[in-house]
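# What the coordinates show
Single-letter residue listing:
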Protein chains: 2
Amino acid sequence: MVFSQEEVEAHLGRLEGWELEEGRWIVRKFVFSNYMKGIAFVDEVAAISEAFNHHPFITIDYTTVTLRLTSWDEGGITSVDIKEAEQYNEAFEKMRTE
Amino acid sequence: MVFSQEEVEAHLGRLEGWELEEGRWIVRKFVFSNYMKGIAFVDEVAAISEAFNHHPFITIDYTTVTLRLTSWDEGGITSVDIKEAEQYNEAFEKMRTE
C-alpha cells in the first residue's frame, strides 16, 4: 500500500540522509573516501536489492553513489522502499566503521 | 588535446553503440539479460577506470547500465575517453560471449 506524503515524511524522519524527491522517489547520496569503496557499496546494494527483488536507480559520480527508490507497480513509496533504505543505511554504516 | 566534433564523430564511427551527447559527453547504454550481469559489468568498468584514473558517470537502471565519458579537465572529448570506451566495449563483448 502506498504511503501518504505525511507517512513517508514520518518514516524519513527516522532514516538518516533520505529525502523525498518529486513526491514519488526517496533519495540518498552516499559519499566515500575513495572510488573503489563506492563500488564495493554498489555491490552490497545490488545483493540487497536482489534479495528484495526490488532495484533502486543507482548513479555513480566518482566517489558519490546516489540511490533512488520507488515502488513503480504501486505508484509511490511503500514499506518495501523504507525497509530497503534501512538496509542500505546499515550497509553504509558497516562499511564506514570497518 | 580535445577533439573537434568531426574528430569525435570519426572515432565514434568505429566504436559500436557510443554517441555524442550535448557536444561534450560520449554515451553508451549496455543492456544485460539479468541484473547481476549488469553489476558484474560495473565492477569491470570500475577496474578499467581505476587503471586509467579517469572515471565515467555510471547509471544503473535495472538491467541497463549507461556510461558517460568526458575529460573535465580538458573541457571535451580526448583520446583517453575514446580508448576507455574501446575497453568498455571489449569487456561487454567478453561478458556476452562467456
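One can find the structure itself at the top, above this paragraph.
Worth saying up front: this structure is predicted, and the values here are computed from it rather than measured.

### Quick word on the interface of chain B and chain A
- Tallying the contact residues gives 16 residues for chain B and 16 residues for chain A.
- Both sides of the chain B and chain A interface together cover about 1500 Å² of buried area, and 67% of this is carbon and sulfur.
- One can count two residue pairs in polar contact (both at pLDDT 80 or more) joining chain B with chain A.
- Looking at the side of chain B that touches chain A, the elements that each hand over two or more residues are helix H2 (35-52) and strand E3 (57-61) of chain B.
- Relative to E3(B), strand E3 (residues 57-61) of chain A runs antiparallel, the two being bridged by three bridges.

### Quick word on unusual backbone geometry
- One non-glycine residue, Asn53(A), lies in the positive phi region at around 50 degrees.
- Secondary-structure assignment places Asn53(A) in the loop between helix H2 (35-52) and E3.

### With respect to the pattern of salt bridges
Residues and elements named next belong to chain A.
- All chains considered together, the criterion is met by six salt bridges over all chains.
- Here arginine 68 makes a salt bridge to glutamate 21, at a shortest N to O gap of 2.8 Å. Placement of arginine 68 in strand E4 (residues 64-69) and of glutamate 21 in strand E1 (residues 19-21) is noted, with a sequence separation of 47 residues between them.
- Arginine 68 gets classed as buried once you look at its relative accessible area, which sits at 18%.
- Between arginine 24 and glutamate 22 there is a salt bridge whose closest N-O contact spans 3.5 Å.
- What makes arginine 24 partly exposed here is its relative accessible area of 37%.

### Thoughts on the relation of the copies chain B and chain A
- Overlaying chain B on chain A yields an RMSD of 0.0 Å, the required transformation being a rotation through 180 degrees with an accompanying axial translation of 0.0 Å. The superposition of one copy onto the other is thereby described by a two-fold rotation axis. Across chain B, the rotation axis passes nearest the C-alpha of Thr59(B), at a separation of 2.2 Å.
- Both copies share a contact surface, since 100% of the interface residues of chain B are interface residues in chain A too.

### Details of the pairing of strand E4 (residues 64-69) of chain B
All names here are of chain B.
- Counted residue by residue, E4 has five buried out of six residues, so it is predominantly covered.
- Here strand E2 (residues 25-31) pairs with E4 via six bridges, running antiparallel. Paired with arginine 28 across the strands is leucine 67, a residue of E4.
- By the bridge criterion, five bridges tie E3 to E4 in an arrangement that is antiparallel. Counterpart to phenylalanine 57 in the pairing with E4 is arginine 68.

Calculation rules
- Residues numbered from 1 in each chain as written.
- Chains lettered and ligands numbered in written order.
- Predicted model: local features only at pLDDT ≥ 70, side-chain atom pairs only at ≥ 80, totals over all residues.
- Heavy atoms only, no water.
- Contact = heavy atoms within 4.5 Å.
- Buried area = accessible area lost by both parts, 1.4 Å probe.
- Polar contact = N/O pair within 3.5 Å; in protein donor to acceptor, adjacent residues only side chain to side chain.
- Helix = DSSP H or I, 4+ residues; strand = E, 2+ residues; numbered from the N terminus.
- Pairing = 2+ DSSP bridges.
- Salt bridge = Lys/Arg side-chain N within 4 Å of Asp/Glu carboxyl O.
- Buried < 20%, exposed > 50% of the residue type's maximum accessible area, 1.4 Å probe, protein only.
- Least-squares fit on C-alpha atoms with pLDDT ≥ 70 in both.

Shape descriptors only; they carry no functional weight alone.
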